[in-house]
Amino acid sequence: MIFRVVVVFLAASFLHAGVASSLFSTPVKTVTISGGTHGNEYTGIWCIKAIEKQRELFNANAEATHAPDTKVINVFKEYPSLSIDTLLANPKAYMANRRFIDTDMNREFSIKKLQRTTETCSEENDASCDSSQTSLPYESIRAKEIESMFGAPKTGSIGGDGDANSDIVIDLHTTTANMGITLIFTEGDALMSAAAAYALHKCKTEYGYENVHILLLPKTEKNDRTHLPSVGKHDFTIEVGPTPQGVIRHDIVEQTEAALHSLLEFLHLSNMELENKTTGATVLDRLRSAFPNGVPCYQSAPAVGAKELHGKIQWPTLDDNPNFPAAMVHKSLQDRDYQPLRTGDPLFVGLDGAVIPYDGSYGDEVLLMFVNEGGYYYSSSGTGIGVAVLSRYDFETGNNVEA
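Predicted, not measured: the structure shown is a model, and the values here were computed from it. (Residues numbered from 1 in each chain as written. Predicted model: local features only at pLDDT ≥ 70, side-chain atom pairs only at ≥ 80, totals over all residues. Heavy atoms only, no water.)

Before we move on, could you go through the sheet that holds strand β14 (residues 327-329) and cite the residues and values that matter?
Paired through their backbone hydrogen bonds, the strands of a sheet run either parallel or antiparallel. Pairing within the open sheet is antiparallel, and its three strands lie in the order β14-β16-β17. If you trace the sheet from one side to the other, it starts and ends with β14 and β17 (355-357), each paired once. Across this sheet, the average inter-strand angle for adjacent strands is 35°, counted without regard to direction. Alignment of β14 against strand β16 (residues 346-350), held across three bridges, turns out to be antiparallel. What sits directly across from Met-328, in β16, is Val-349. (Pairing = 2+ DSSP bridges. Helix = DSSP H or I, 4+ residues; strand = E, 2+ residues; numbered from the N terminus. Axes fitted to C-alpha atoms, helices over the stretch in contact; angles between N-to-C directions.)

See the structure below:
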């Protein structure tokens, strides 16, 4: 279910060097914050439930009781120009404390899969596409339900290029890997690239977190993107770790909320500049000062497998269980996300104790991410270790530039 406060947020135009320029091509009206795309990632679910408690308090004109912590923010009070919705993405998996029921839902949002779900339900004469009445995986059906909630932007128009009901979808995730706060968006999205730069800077300089990174996904057509937030006009993911699955850690919640609040603050400040017709220094000017040579980021390798969001070095799996590795991650790599791996370095250890070195398949030197991520033990999520290279991007275009 999506909860809604109807407040309009118009996109900002900015002045630079005396010439009016607009970073955003269309108005931004709503922001949807989703949690529980993976049902055992409890941090995101906690955060959206906390937002709904904030809504309740805000509507009652009440303050939180016993909340002396200055970090506690009511998003409806602090960012009044934004229309904020929440979405519990995978309720069945959440109730079961499982990553998914049948398959990874964050791989089910390409137009090809969404159309296949619609066609299968039609062929089986199941207009409602009830998971108990069809052969389809539950997450395939739920993905189509969610896409329909957002106005069927992929399947509901000719060519699948329709308008989404939510301008920005921010999906909250956690990882068992030592990824710190990782802000993820697709290359070429100028709005999300500026928001990510603002959040990176604020999380480091004001919140005091050191382990903060931006991960730039390769350019792909929106209809081909498989992850949930791609049902919005703009998609963004916050990934925080390490934390176990099915566990709520206060520090991880705080880090997730710090990143989320930074994003919302950027949007709200931009809106206020437009409303007040700001002619002086703008939020973009602050970003230009903070990142004169581009924003540092990690560029993920292109996905190879159909079940991957980004390129991975796959580990072998057992013949009798595709979810169980036949080789484990070498101890020298554990908790060393965003650290280099060179050709010949230890990579995996086989059941016979033999060390398997990196073969240079992604280049002589790469940076690893999502090292030994628990969610990547599932074949439907794509097994293995993520690969990236250090890069930079222009926050006014969202495009990669020379590092």
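Back to the text.
Outline the pattern of salt bridges, supporting the account with residue identities and numerical values.
With the rule as written, the count across this model stands at 17 salt bridges. For Asp-104, the salt bridge identified is with Arg-107, shortest N-O distance 3.7 Å. In this pair, the class of Asp-104 matches that of Arg-107, namely buried. With its nearest N and O atoms 3.0 Å apart, the salt bridge here joins Glu-147 to Lys-144. Within this pair, Glu-147 and its partner Lys-144 are both found in helix α5 (residues 138-149), separated by three residues, close to a single helical turn. For the pair Glu-147 and Lys-144, a shared accessibility class is recorded, and that class is buried. Each of Glu-41, Arg-99, Asp-104 and Arg-107 takes part in salt bridges that share partners, so that together they form one network. (Salt bridge = Lys/Arg side-chain N within 4 Å of Asp/Glu carboxyl O. Buried < 20%, exposed > 50% of the residue type's maximum accessible area, 1.4 Å probe, protein only.)

So what's going on with the packing of aromatic side chains? Which residues, and what values?
According to the stated counting rule, one finds 11 aromatic pairs in the structure shown. With 5.3 Å between their ring centres and 75° between their planes, Phe-185 and Tyr-393 make a pair best called edge-to-face. Of the two residues, Phe-185 sits in strand β7 (residues 180-186) while Tyr-393 sits in strand β19 (residues 385-394), which places them 208 residues apart along the sequence. Just as Phe-185 is buried, Tyr-393 falls in that class too. (Phe/Tyr/Trp six-rings, centres within 6.5 Å; stacked < 30°, edge-to-face > 60°.)

Could you give me a rundown of the pairing of strand β8 (residues 212-217), with the residues and numbers involved?
Here β8 lies mainly inside the structure; six of its six residues are buried. Taking every second residue as pointing to the same face, both faces of β8 are buried, with Val-212, Ile-214 and Leu-216 on one and His-213, Leu-215 and Leu-217 on the other. Pairing geometry for β7 and β8, over six bridges, is parallel. Bridge assignment links Thr-182 to a residue of β8, and that residue is His-213. Taken together, β7, helix α6 (residues 190-205) and β8 form a β-α-β motif whose crossover is right-handed. (Right-handed = clockwise from strand over helix to strand, strands pointing away.)

Could you give me a rundown of the environment of Thr-237, with the residues and numbers involved?
Its place among the elements puts Thr-237 in strand β9 (residues 234-241). Accessibility expressed as a relative area gives 10% for Thr-237, which makes it buried. Note: C-alpha distance between Thr-237 and Leu-183 (54 residues apart in sequence) is 6.1 Å.

I'd like a description of the nonpolar core, backed by residues and values.
Ile-238 and Tyr-393 are the most contacted members of the largest nonpolar core, which has 55 residues in total. Of all the elements, α6 adds the most residues to this core, at 10 residues. Ile-313, Trp-315, Val-366 and Leu-368 belong to the second-largest nonpolar core, a separate cluster that totals 15 residues. (Core = buried A, V, L, I, M, F, W, Y, C linked by side-chain atoms within 4.5 Å.)

Before we move on, could you go through helix α7 (residues 250-275) and cite the residues and values that matter?
Taking 1.5 Å as the rise per residue, α7 with 26 residues should run 38 Å; its terminal C-alpha atoms sit 36 Å apart, in good agreement. The buried fraction of α7 amounts to 20 of the 26 residues, a majority that puts the element mostly inside the structure. Positive phi shows up at Lys-277, right after α7, with a value of about 50°. (Expected span 1.5 Å × (residues − 1).)

A description of the environment of Ser-166 should follow, citing residues and the corresponding values.
Mapped onto the fold, Ser-166 is located in the loop between α5 and β6 (168-174). On the accessibility criterion, Ser-166 (1% relative accessible area) is buried. Placed 68 residues apart in sequence, Ser-166 and His-234 show a C-alpha to C-alpha distance of 8.5 Å. Each residue touching Ser-166, except ones within four places of it in the same chain, is listed here: Thr-30, Val-31, Thr-32, Phe-150, Gly-232 and Lys-233. A polar atom in the side chain of Ser-166 sits 3.4 Å from the side chain of Thr-30. At 2.8 Å, the side chain of Ser-166 and the side chain of Thr-32 are in polar contact. (Contact = heavy atoms within 4.5 Å. Polar contact = N/O pair within 3.5 Å; in protein donor to acceptor, adjacent residues only side chain to side chain.)

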